[in-house]
Amino acid sequence: MQAKTTRDSRRNPVRLALFAAALALGAPAMADDDDDNRRAPMSPAYVEECGACHVAFPPELLSRRSWNAVVDGLAEHFGTDASLDAQALATVRDYLDAYAGRRSTDGANGKPLLRITDTRWFQREHRAGEHGLRADTFKRAEVGSAANCGACHRGAADGSYAEREIRVPAPGVRANITAQGRTQ
Amino acid sequence: MKAKTTLGGAMLMLASLAATAAQPADFLARFEREARQADGAFAASPARGEAWFQARHGREWSCSTCHTPDPAGRGKHAVTGKPIEPMAPVANPERLTSDRSVDKWFRRNCRDVVGRECTPAEKADVIAYLMRVGS
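Residues numbered from 1 in each chain as written. Chains lettered and ligands numbered in written order. Predicted model: local features only at pLDDT ≥ 70, side-chain atom pairs only at ≥ 80, totals over all residues. Heavy atoms only, no water.

Caption draft 1: Representation of the overall build of chain B in the model. Of regular secondary structure, chain B possesses 6 helices and 2 strands. From first element to last, N terminus to C terminus, chain B shows the α and β order α-α-α-α-β-β-α-α. Scored against the burial criterion, the 135 residues of chain B give a buried share of 47%. Pairs at least 24 residues apart make up 57% of the contacts formed inside chain B by residues separated by at least 6 positions. (Helix = DSSP H or I, 4+ residues; strand = E, 2+ residues; numbered from the N terminus. Buried < 20%, exposed > 50% of the residue type's maximum accessible area, 1.4 Å probe, protein only. Contact = heavy atoms within 4.5 Å.)

Here's what the structure looks like:
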């Protein structure tokens, strides 16, 4: 079904080298890194139900335990009512269950994290200095919040986060926001 | 693999169920009819709908916070910053054409903005307003 599409690590020599080095060192193979995970097929139902207020986040970025906690709390979802009818809820839960990340995304207190942006993986990949990110990048008007993936990842609406598609907008520029402005 | 295929099929079915065709005028008629059960003389008012859409109702957000004061323009989600396509049918022909979508979003957005579900009268007024935009 979902052919393992070309990963960046194959194209980007620096990442490839890092990956090889990690393997050689016997490091835990960057298992919670984006390059390692299965890539879930984007489902129309998931995009419809979970891709209106934010992009339909890649399901592999949270564990099954985290997604279950998110789905259980949709009536109060980060300050908004995101409740679903029973049928849609079951479909979304099944999808997330099937494609959740295999790594734990529990927080230090042992409870499942609810925000992708709180995971170690996200914070490492988006620290100041990476890809021209700065401490205030996520607060800029052109970005809005760290949940607005499409502000920089131009393929986010289609579930694509390839390195070559990243464009961090310069202050005052709105151009890239349109990339994910599509509704489903 | 088999389980995934079945899952995919179920999702496609769900997606096509969501696409029940309707027209904006159908929603206006439906909410007016419902409102008349409480007030036999009720008639939807675009002006009332506009004022209501732009105002806050005891909480942090108005409808226009996410949908912008001009429903023919593109909005922006108050929490995430994600763009929201225009709400007025004149600017976005997909709007007010699906029962499922209209009911779902009125339920959620009214709870966020008003702290309760909207009355049929409020919904009729908002729809009358959105239909009038740009005409």
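Further notes follow.
Caption draft 2: The arrangement of the state of the cysteines in detail. The final tally for this structure, using the stated rule, is 1 disulfide over all chains. Disulfide pairing places B:Cys110 opposite B:Cys118 at an S-S distance of 1.9 Å. Between B:Cys110 and B:Cys118, the S-S torsion sits near -95°, and that sign places the bridge as left-handed. Here B:Cys110 matches B:Cys118 in class, with each residue buried. Here A:Cys53 is not cross-linked by a disulfide; its sulfur's nearest cysteine counterpart is in B:Cys66, at 7.6 Å. The structure places no disulfide on A:Cys152, whose sulfur is separated from the nearest cysteine sulfur, that of A:Cys149, by 9.1 Å. A:Cys152 sits in the buried class, given a relative accessible area of 9%. (Disulfide = S-S within 2.5 Å.)

Caption draft 3: Fine view of the packing of helix 2 (residues 24-36) of chain B against helix 6 (residues 120-132) of chain B. All names here are of chain B. Here helix 2 crosses helix 6 at 150°, and the two axes come no closer than 8 Å. The orientation of helix 2 relative to helix 6 falls into the category roughly antiparallel. Judged by the sense of rotation from one axis to the other, the crossing of helix 2 with helix 6 is left-handed. Counting all contacts with helix 2, which are made through Pro24, Ala25, Phe27, Leu28, Phe31, Glu32, Glu34 and Ala35, the residues of helix 6 involved are Pro120, Ala121, Lys123, Ala124, Ile127, Ala128 and Met131. Looking at the contact of helix 2 with helix 6 residue by residue, the class counts come to 12 nonpolar, no polar and 3 charged. (Axes fitted to C-alpha atoms, helices over the stretch in contact; angles between N-to-C directions. Parallel < 35°, antiparallel > 145°, perpendicular 65-115°, else oblique. Left-handed = near helix turned anticlockwise from the far one by under 90°. Nonpolar A, V, L, I, M, F, W, Y, C, P; charged D, E, K, R; others polar.)

Caption draft 4: Seen up close, helix 5 (residues 86-99) of chain A. Residue and element names in this part refer to chain A. Between its first and last C-alpha atoms helix 5 spans 20 Å; for 14 residues at 1.5 Å apiece the expected length is 20 Å, and the two agree. For helix 5, the complete set of buried residues consists of Ala88, Thr91, Val92, Tyr95, Leu96 and Tyr99. Projected down its long axis, helix 5 shows its buried positions confined to an angular sector of 125°, all on one face. (Expected span 1.5 Å × (residues − 1). Arc of directions from axis to C-beta.)

Caption draft 5: Just the packing of aromatic side chains, in detail. Taken as a whole and judged by the stated rule, the model has 6 aromatic pairs over all chains. Ring geometry for A:Tyr46 and A:Tyr95: centres 4.6 Å apart, planes at 35°, overall tilted. One end of the pair, A:Tyr46, is in helix 3 (residues 44-50); the other, A:Tyr95, is in helix 5, and 49 residues separate them in sequence. Here A:Tyr46 matches A:Tyr95 in class, with each residue buried. The interplanar angle of 85° and the centroid separation of 5.9 Å between the aromatic rings of B:Phe31 and B:Phe106 together place this pair among those described as edge-to-face. Linking B:Phe31 in helix 2 with B:Phe106 in helix 5 (residues 99-114), this pair joins segments that are 75 residues apart in sequence. Judged on exposure class, the residue B:Phe31 and its partner B:Phe106 are both buried. By way of ring pairs, the aromatic residues A:Tyr46, A:Tyr95 and A:Tyr99 are connected into one cluster. (Phe/Tyr/Trp six-rings, centres within 6.5 Å; stacked < 30°, edge-to-face > 60°.)

Caption draft 6: Region of the structure containing the packing of helix 3 (residues 46-54) of chain B against helix 6 of chain B. Residue and element names in this part refer to chain B. The N-to-C vectors of helix 3 and helix 6 enclose an angle of 100°; their axes lie 7 Å apart at closest approach. Taken together, helix 3 and helix 6 sit at an angle that is classed as roughly perpendicular. Note on element contacts: helix 6 touches helix 3 through Glu122, Asp125, Val126, Ala128, Tyr129, Leu130 and Arg132, opposite Pro46, Ala47, Arg48, Gly49, Glu50, Trp52, Phe53 and Gln54. When the residues that make up the contact of helix 3 with helix 6 are grouped by side-chain class, the tally is 8 nonpolar, 2 polar and 5 charged.

Caption draft 7: Examining the pattern of salt bridges more closely. Within the structure shown, the criterion is met by 19 salt bridges over all chains. The salt bridge partner of B:Glu50 is B:Arg132, with a shortest N-O separation of 2.8 Å. Of this pair, B:Glu50 sits in helix 3 while B:Arg132 sits in helix 6, and the two are 82 residues apart along the sequence. A residue is classified by how much of its surface remains accessible, and B:Arg132, at 36% relative accessible area, is partly exposed. Through salt bridges with shared partners, a single ionic network connects A:Glu48, A:Glu49, A:Asp85, B:Arg100 and B:Lys104. (Salt bridge = Lys/Arg side-chain N within 4 Å of Asp/Glu carboxyl O.)

Caption draft 8: Broad picture of helix 6 of chain B. Residues and elements named next belong to chain B. With 13 residues, helix 6 should cover 18 Å at 1.5 Å per step; its first-to-last C-alpha distance of 18 Å lies within 8% of that length. Those residues of helix 6 that sit buried are Glu122, Lys123, Ala124, Asp125, Val126, Ile127, Ala128, Tyr129 and Leu130. Packing partners of the buried residues in helix 6 comprise helix 2, helix 3 and helix 5. Following helix 6 by one or two positions, Gly134 has its phi on the positive side, about 80°.

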